[in-house]
Amino acid sequence: MQRALATHPLQCFSTPQFSPKHHYFHSLPRNKQYPLTLSTSFSLSRELLKVSDSNKQQPQDVNSEIGDDEDELLQEKDFAVDDGVDLGWLPAFPHVLTASMSNFLFGYHIGVMNGPIVSIAKELGFEGNSFLEGLVVSIFIGGSFIGSIACGSVVDKLGCRRTIQIDTVPLILGAIVSAQAQSIEEMLLGRFLVGLGIGVNTVLVPVYISEVAPTKYRGSLGTLCQIGTCIGIIASLCLAIPSENDPHWWRTMLYIASVPGFILALGMQFCVESPRWLCKAGRLNEAKNVIENLWGSSEVDKAIKEFASVIKSDGGDLDSSWLELLEEPHSRVATIGGALFVLQQFAGINGVLYFSSLTFKDVGISSSALASLYVGLTNFAGALCALYLMDKQGRQRLLIGSYAGMALSMFLIVYAISFPMDGEISNNLSILGTILYIFTFAVGAGPVTGLIIPELSSSRTRGKIMGFSFCVHWVFNFLVGLFFLELVEKFGVAPVYGSFGAVSLLAAAFAYFFIVETKGRSLEEIEMSLNPKFQGKRSSE
């Protein structure tokens with residue numbers, strides 16, 4: 001289970017074209033709040049925004065209706081706010097909370113195998129077979145990898161809301177198949193189906209939240225993904241307590257896992273679709289209604305103008321190609337997204353979570369479930385801090401501080417192991433380092449990584465870039481989990497943890513040089529600032 005727990009999110013990366021002196025991401029000053037650069041004072045005429053009653057016009061009609069006013073969009077204007085009451089994050093919260101139920105399921109399925117795996121192995125006839133026990137856990141990652149690949153194309157065609165609903169099918173079916181399994185083959189099939197659904201949702205939910213959340217609160221609402229995962233882990237660990245006395249309790253736990261899937265499918269029926277996807281689909285009236293209800297009536301004209309300008313520049317069809325990730329600016333964002341997940345995994349989150357139960361045993365906490373619960377609570381506390389800090393301190397600062405704290409934690413554990421001192425002091429330092437590492441990960445490296453990738457991605461390729469990034473995540477998640485114990489046995493804990501600390505410092509440097517601050521900027525503003533087409537237009541003015 002500890003290996004499964006390590007799937008929670010979230011190599012040295014350096015290429016010539018990404019030199020800090022040359023890439024255009026770096027051309028923007030760091031740690032600076034960028035003023036709004038899009039026109040916000042022009043009202044769209046009713047004639048230009050008129051759509052047919054059927055709402056079935058093609059996406060390219062958006063461009064013809066809006067007109068050629070990109071010059072106006074790139075001028076700074078005063079923005080007149082109406083007298084309506086600003087409800088802030090509240091209107092979007094129910095929609096975000098419902099979507100975050102997917103992350104609760106993610107966390108639940110991470111933790112559900114922790115206690116019962118021994119009972120499952122005994123009842124299904126593979127007790128003592130470490131390979132099959134590991135396969136029951138790791139096939140979940142294989143399914144997640146495939147789900148992440150498939151997600152990008154499906155969401156382009158169907159939109160976020162409908163895709164989330166469809167994705168509940170493998171989540172519900174997989175839980176039920178696992179719960180009633182009478183053989184190892186049925187258990188593996190159920191776990192694979194669950195992984196398939198989780199792979200889709202880990203990509204899709206951050207995209208959905210980033211596109212429906214108000215700009216000012218996008219970071220805080222995006223942190224609900226991490227909080228949902230933490231609550232799911234804690235819930236599964238608490239529900240696993242009866243399994244110590246009831247060898248068949250694991251079936252009940254897996255049946256319970258199907259319930260949130262039904263709730264999610266029903267709840268998303270009452271949630272809004274992404275206004276950006278609606279605009280691309282030519283459903284302008286629906287997009288305007290969503291914006292008015294979630295962001296306020298004063299944001300409608302401004303947002304539609306921004307959406308239309310981006311669609312006109314980047315293409316308005318609903319089916320982007322994977323080959324587009326090889327083109328600028330998509331290739332840079334995809335590479336940065338993949339690199340962030342590689343660094344996240346090589347910074348050691350898998351290994352620390354895997355080894356944490358043994359660390360807790362050294363101080364007398366012999367129950368692996370109890371040790372995992374402490375880890376889950378620490379993770380939850382860090383996620384709550386991230387919720388508060390994300391839109392105050394910004395993504396880049398949190399990411400740098402998080403990795404710096406993780407490095408310090410690793411070096412503290414290395415010091416406790418490498419230098420002779422009283423046994424109790426050494427154990428306490430190890431516990432402190434482990435708790436500090438998990439906490440600092442949950443404050444930045446965990447939630448920011450999944451949030452900033454869709455923020456940097458273009459509207460056209462956001463789903464596919466997230467899919468690619470999470471595929472990288474699952475691959476390196478699996479590899480680190482697979483080889484961690486072998487590395488510890490061959491080199492010892494101190495050298496391995498020391499390398500985790502070194503990678504954490506590298507990740508902090510990477511965030512400093514390559515991550516653009518996105519706090520307080522709309523997704524369209526970010527895309528325009530990174531798109532060479534808009535940059536070229538600015539330079540020619």
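Residues numbered from 1 in each chain as written. Predicted model: local features only at pLDDT ≥ 70, side-chain atom pairs only at ≥ 80, totals over all residues. Heavy atoms only, no water.

Colleague: Whenever I open this one, the overall build of the chain confuses me. Can you help?
Modeller: Of regular secondary structure, the chain possesses 26 helices and zero strands. Within the span of the chain, comprising 541 residues, buried residues form 59% of the whole. Total accessible area computed for the chain in this model is approximately 21,200 Å², and 62% of it derives from carbon and sulfur atoms. (Helix = DSSP H or I, 4+ residues; strand = E, 2+ residues; numbered from the N terminus. Buried < 20%, exposed > 50% of the residue type's maximum accessible area, 1.4 Å probe, protein only. Areas by Shrake-Rupley, 256 points an atom, 1.4 Å probe, with all protein chains shown as cover.)

Colleague: For this particular structure, what's the right way to read the packing of aromatic side chains?
Modeller: Here a ring pair, both rings aromatic, is described through the centre-centre distance and the interplanar angle of the planes. According to the stated counting rule, one finds 11 aromatic pairs in the structure shown. An aromatic cluster of three or more residues is present, and its members are Phe484, Tyr497 and Phe500. Across the ring face of Trp322, the terminal group of Lys464 is positioned such that the distance to the ring centre comes to 5.8 Å. (Phe/Tyr/Trp six-rings, centres within 6.5 Å; stacked < 30°, edge-to-face > 60°. Lys NZ or Arg CZ within 6 Å of the ring centre and 35° of its normal.)

Colleague: Mind showing me how you'd approach the environment of Leu523 here?
Modeller: Within the fold, Leu523 resides in helix 25 (residues 523-530). By relative accessible area, Leu523 is classed as buried at 0%. Placed 217 residues apart in sequence, Leu523 and Glu306 show a C-alpha to C-alpha distance of 9.3 Å. If we skip the residues at most four places from it in the chain, Leu523 touches Ser210, Glu211, Arg218, Arg276, Pro454, Glu455 and Arg462. (Contact = heavy atoms within 4.5 Å.)

Colleague: Please explain the UniProt feature "transmembrane region" (unreviewed entry) in the chain as it appears in this structure.
Modeller: The UniProt record marks residues 188-209, 221-242, 254-272, 368-389, 398-417, 429-453, 465-485 and 497-516 with the feature "transmembrane region" (unreviewed entry), using the residue numbering of this structure. This span, residues 254-272, is 74% helix and 0% strand, and a straight line between its end C-alpha atoms measures 30 Å. As annotated, residues 398-417 has a helix share of 100% and a strand share of 0%, and its two end C-alpha atoms lie 29 Å apart. (UniProt positions renumbered as here; feature names shortened; annotations may be inferred.)

Colleague: Would you take a moment to explain the confidence of the model for the chain for this structure?
Modeller: Do not read the fine detail of predicted coordinates wherever pLDDT is low. Confidence in the prediction for the chain averages 80 pLDDT; 79% of positions are at 70 or higher. Note on residues 1-84: pLDDT under 50 across the span, and 199 contacts to partners over four residues away in sequence or across chains. (pLDDT = per-residue confidence, 0-100.)

Colleague: I would appreciate a short explanation of helix 10 (residues 184-212) in the present structure.
Modeller: Structural remark: α-helix, 3.6 residues per turn; residues separated by three or four positions point the same way. Here helix 10 is 29 residues long and its end C-alpha atoms lie 42 Å apart, about the 42 Å a rise of 1.5 Å per residue gives. Where helix 10 bends most, at Asn201, the angle is about 25°. (Expected span 1.5 Å × (residues − 1). Bend = angle between axes of the 7 residues up to and from the residue.)

Colleague: Explain a nonpolar patch on the surface to me, please; I cannot follow it from the model alone.
Modeller: On the surface, Phe145, Ile146, Ile149, Trp322, Phe468, Val475, Phe478, Leu479, Leu482, Phe483, Leu487 and Phe491 cluster together to form a nonpolar patch covering roughly 960 Å² of accessible area. Looking at the nonpolar patch, the elements that each hand over two or more residues are helix 8 (130-158) and helix 23 (462-491). No other element matches helix 23, which puts eight residues into the nonpolar patch. In this fold, Phe491 is placed in helix 23. (Patch = residues over 30% accessible without salt bridge, like charges linked within 9 Å, V, L, I, M, F, W, Y side chains within 5 Å. Salt bridge = Lys/Arg side-chain N within 4 Å of Asp/Glu carboxyl O.)

Colleague: Where do I start with the side chain of Ser220 in this structure?
Modeller: Its location among the elements puts Ser220 in helix 11 (residues 218-222). Residue class for Ser220 comes out buried when judged on its relative accessible area of 15%. Ignoring sequence-local partners within four residues, the contact set of Ser220 consists of Leu387, Met390 and Asp391.

Colleague: Is there a simple way to think about the packing of helix 18 (residues 330-346) against helix 23 in this case?
Modeller: Each pair of packed helices can be summarised by the angle the axes make with each other and by the distance between the axes. Running from N to C, helix 18 and helix 23 cross one another at 25°; their axes reach a closest spacing of 8 Å. Overall, the two elements helix 18 and helix 23 adopt an arrangement that is roughly parallel. Read as a crossing pair, helix 18 and helix 23 show a hand that is right-handed. Of helix 23, the residues touching helix 18 (which contributes His330, Val333, Ala334, Gly337, Gly338, Phe341, Val342, Gln344, Gln345 and Phe346) are Ile465, Phe468, Ser469, Phe470, Val472, His473, Phe476, Asn477 and Val480. Here the contact of helix 18 with helix 23 is built from residues that sort into 11 nonpolar, eight polar and no charged. (Axes fitted to C-alpha atoms, helices over the stretch in contact; angles between N-to-C directions. Parallel < 35°, antiparallel > 145°, perpendicular 65-115°, else oblique. Left-handed = near helix turned anticlockwise from the far one by under 90°. Nonpolar A, V, L, I, M, F, W, Y, C, P; charged D, E, K, R; others polar.)

Colleague: For this particular structure, what's the right way to read the environment of Ser148?
Modeller: Relative to the helices and strands, Ser148 resides in helix 8. Look at Ser148 and you get buried, because its relative accessible area is 0%. C-alpha of Ser148 to C-alpha of Asn201: the two residues are 53 residues apart in sequence and 8.1 Å apart in space. With sequence-adjacent residues up to four places away left out, Ser148 is seen in contact with Gly199, Val200, Thr202, Val203, Gly467, Phe470, Cys471 and Trp474. At 3.2 Å, the side chain of Ser148 forms a polar contact with the backbone oxygen of Gly199. (Polar contact = N/O pair within 3.5 Å; in protein donor to acceptor, adjacent residues only side chain to side chain.)

Colleague: In this structure, what is going on with the packing of helix 8 against helix 10? I would like to understand it.
Modeller: Look at helix 8 against helix 10: their axes get within 6 Å of each other, and the N-to-C directions meet at 40°. Looking at the two axes, helix 8 sits oblique to helix 10. By crossing handedness, the relation of helix 8 to helix 10 is classed as right-handed. When grouped by side-chain class, the residues that make up the contact of helix 8 with helix 10 number 18 nonpolar, eight polar and one charged.

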